[in-house]
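As a plain string of letters, each chain reads:
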Amino acid sequence: MAVVQSTYATAFQNGYAGMIANGETSNRISRTVEDATAIGFGKAVFRGAGDHGVTATPSANLMGITIANYAAPPVQATGAQADSYPQYSTAGILMQGVIWVVAGADVTDGAAVYVGDGDPLTAGAFTDDSTGNVALTGWTFQDTVSSGALVRIAKR
């Protein structure tokens, strides 16, 4: 009989951006994506211009963090799943709970969460630096990680 797999990883990734981290009490809603550019999973979203709409453009009106949905329709042009919500689709949003995101800077456990605003290199990035960034009121980092690593954020 042929060997199908003979090696195994010693460590597996804990999660992925937009994955609900655990079974704690959470509050989830859905809203329509207004942005022409798709909004990725595990991204902060804010109240949009229209009723029931959201945008990735940072403002004081945080709605929550987008939840990964692998049942979302594939991109029409390629037929592939893009790990994002395209314009006019319905995005799942976590308003309270614990979710995995990608750190945009080195962050520490217990620090307040901010999202980058303005600079194209940091826009939408999760950080614990308040300078020039928008506060995600009530959200805190649950891990100490380096920039680019997966990290849990929580609002309890």
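Preceding this paragraph is the structure being described.
For clarity, every value in this text was computed on a predicted model and none was experimentally measured.

The tally for this structure, following the rule as stated, stands at two salt bridges. Note that Arg156 and Glu24 form a salt bridge whose closest N and O atoms lie 2.8 Å from each other. In this pair, Arg156 sits in the segment after β11 (150-155) while Glu24 sits in the segment before β1 (27-33), placing the two residues 132 residues apart along the sequence. Looking at Glu24, the relative accessible area reads 32%, which means it is partly exposed.

Here we come to the side chain of Thr66. Positionally, Thr66 belongs in strand β5 (residues 62-66). Taking relative accessible area as the criterion, Thr66 reaches 1% and is therefore assigned buried. A distance of 2.7 Å separates a polar atom in the side chain of Thr66 from the backbone oxygen of Gly40. Within the structure, the side chain of Thr66 is placed 2.9 Å from the backbone nitrogen of Gly42, a separation counted as a polar contact. If sequence neighbours within four positions are ignored, Thr66 has contacts with Gly18, Ile39, Gly40, Phe41, Gly42, Lys43, Val45, Tyr85, Gly92, Ile93 and Ile99.

Applying the stated rule across the entire model yields one aromatic pair. Considering the side-chain rings of Phe41 and Tyr85, the 5.2 Å spacing of their centres and the 65° angle between planes classify their relative orientation as edge-to-face. Placement of Phe41 in the loop between β2 (39-40) and β3 (44-47) and of Tyr85 in strand β6 (residues 84-85) is noted, with a sequence separation of 44 residues between them.

So, how was this worked out
- Residues numbered from 1 in each chain as written.
- Predicted model: local features only at pLDDT ≥ 70, side-chain atom pairs only at ≥ 80, totals over all residues.
- Heavy atoms only, no water.
- Salt bridge = Lys/Arg side-chain N within 4 Å of Asp/Glu carboxyl O.
- Helix = DSSP H or I, 4+ residues; strand = E, 2+ residues; numbered from the N terminus.
- Buried < 20%, exposed > 50% of the residue type's maximum accessible area, 1.4 Å probe, protein only.
- Polar contact = N/O pair within 3.5 Å; in protein donor to acceptor, adjacent residues only side chain to side chain.
- Contact = heavy atoms within 4.5 Å.
- Phe/Tyr/Trp six-rings, centres within 6.5 Å; stacked < 30°, edge-to-face > 60°.

Geometric descriptors of this kind do not, in isolation, establish any biological role.
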